[in-house]
Amino acid sequence: MRKILYSLMIAMPLQVVAQSEVAPEGYKIFWFIAILVAIPFAYYVVSKLLKRSQPTKKAKPGSVSRRKLKIELIKDRKLRPHVLTLKVTNSSKKDIDLAAPVLVFRKLWTKRKFKLKGLNRYEIYPLYLESGKTHELRIDLNVFYNHDRKIKRFYWAKVKVFDTRGKKYSSGYITLRRSLFS
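Predicted model only: the values in this text are computed from it and were never measured.

Another point: the packing of aromatic side chains. Per the stated rule, a full pass over the model turns up five aromatic pairs. Summarising the aromatic geometry, the rings of phenylalanine 105 and phenylalanine 114 are spaced 6.0 Å apart at their centres and angled 80° between planes, so their arrangement reads as edge-to-face. Residue phenylalanine 114 is classed as buried on the basis of its relative accessible area, which comes to 13%. Ring pairing ties together the aromatic residues Phe105, Phe114 and Phe144, which thus form one cluster.

Pasting the structure below:
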């Protein structure tokens, strides 16, 4: 009899603890996560719609562009290019010293940056660019792909150019391969 009583005393608290445990219900967790995801997504969509609805400013005829450097990044193919061409045009009245440009590969939240020092193991930067002149640099992407195979999975690329005074000029992003957003 004592053995039965002791075994009931030991087993009883375990049953009571197991029965009084309260866990969140599955649908409440689902709605909580859905709201956490929906708020930033709604903010992103609204900000994109507001940017599209704003009228773009057009330059007046006869006005002079205030940009000193025009940076263009041109690809040889529409998707998965092999060669990029960096074209830097000095449209100011003064000569400019350019530091080494930086090639930026971008994925959704990841960026990889490479400093372009020269051509065929010859360093050509810093570069002195006279007014009205254009500088072109061909960039072979296979060199970067051989360095790090993961770069082939990146979606966009752009180039940042700094002058020796520290002012930054950059090209727009170009598409290297398809993504959900391009």
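On to the nonpolar core. Grouped together as the largest cluster of nonpolar side chains are 29 residues, with contacts concentrated most on Leu103, Phe105, Ile139 and Leu141. Listing elements by their share of this core, those giving two or more residues are strand 1 (69-75), strand 2 (83-90), strand 3 (96-98), strand 4 (102-106), strand 8 (127-129), strand 9 (134-140), helix 3 (141-147) and strand 10 (156-162). Residues within four places of isoleucine 139 in sequence aside, it is in contact with His82, Val83, Leu84, Leu86, Leu103, Leu116 and Phe144.

So, on to the side chain of threonine 85. You can see threonine 85 is positioned in strand 2. What threonine 85 contacts, discounting residues up to four positions off in sequence, is Glu72, Leu73, Ile74, Glu136, Leu137 and Arg138.

Take the pattern of salt bridges next. Counted under the stated rule, the structure contains one salt bridge. We note a salt bridge from arginine 112 to aspartate 148, for which the minimum N-O separation is 2.4 Å. Here aspartate 148 lies in the loop between helix 3 and strand 10 and arginine 112 lies in strand 5 (residues 111-115), a separation of 36 residues in the sequence. Looking at arginine 112, the relative accessible area reads 26%, which means it is partly exposed.

This next bit is on a positive patch on the surface. Together, Lys68, Lys94, Arg165 and Lys167 line one region of the surface with positive charge. Inspection of the secondary structure assignment puts lysine 68 in the loop between helix 2 (26-53) and strand 1. Overall, the relative accessible area of 35% leaves lysine 68 in the partly exposed class.

Cut-offs applied
- Residues numbered from 1 in each chain as written.
- Predicted model: local features only at pLDDT ≥ 70, side-chain atom pairs only at ≥ 80, totals over all residues.
- Heavy atoms only, no water.
- Phe/Tyr/Trp six-rings, centres within 6.5 Å; stacked < 30°, edge-to-face > 60°.
- Buried < 20%, exposed > 50% of the residue type's maximum accessible area, 1.4 Å probe, protein only.
- Core = buried A, V, L, I, M, F, W, Y, C linked by side-chain atoms within 4.5 Å.
- Helix = DSSP H or I, 4+ residues; strand = E, 2+ residues; numbered from the N terminus.
- Contact = heavy atoms within 4.5 Å.
- Salt bridge = Lys/Arg side-chain N within 4 Å of Asp/Glu carboxyl O.
- Patch = residues over 30% accessible without salt bridge, like charges linked within 9 Å, V, L, I, M, F, W, Y side chains within 5 Å.
- Areas by Shrake-Rupley, 256 points an atom, 1.4 Å probe, with all protein chains shown as cover.
- Lys, Arg positive; Asp, Glu negative; His and termini not counted.
- Charge placed at Lys NZ, Arg CZ, Asp CG, Glu CD.

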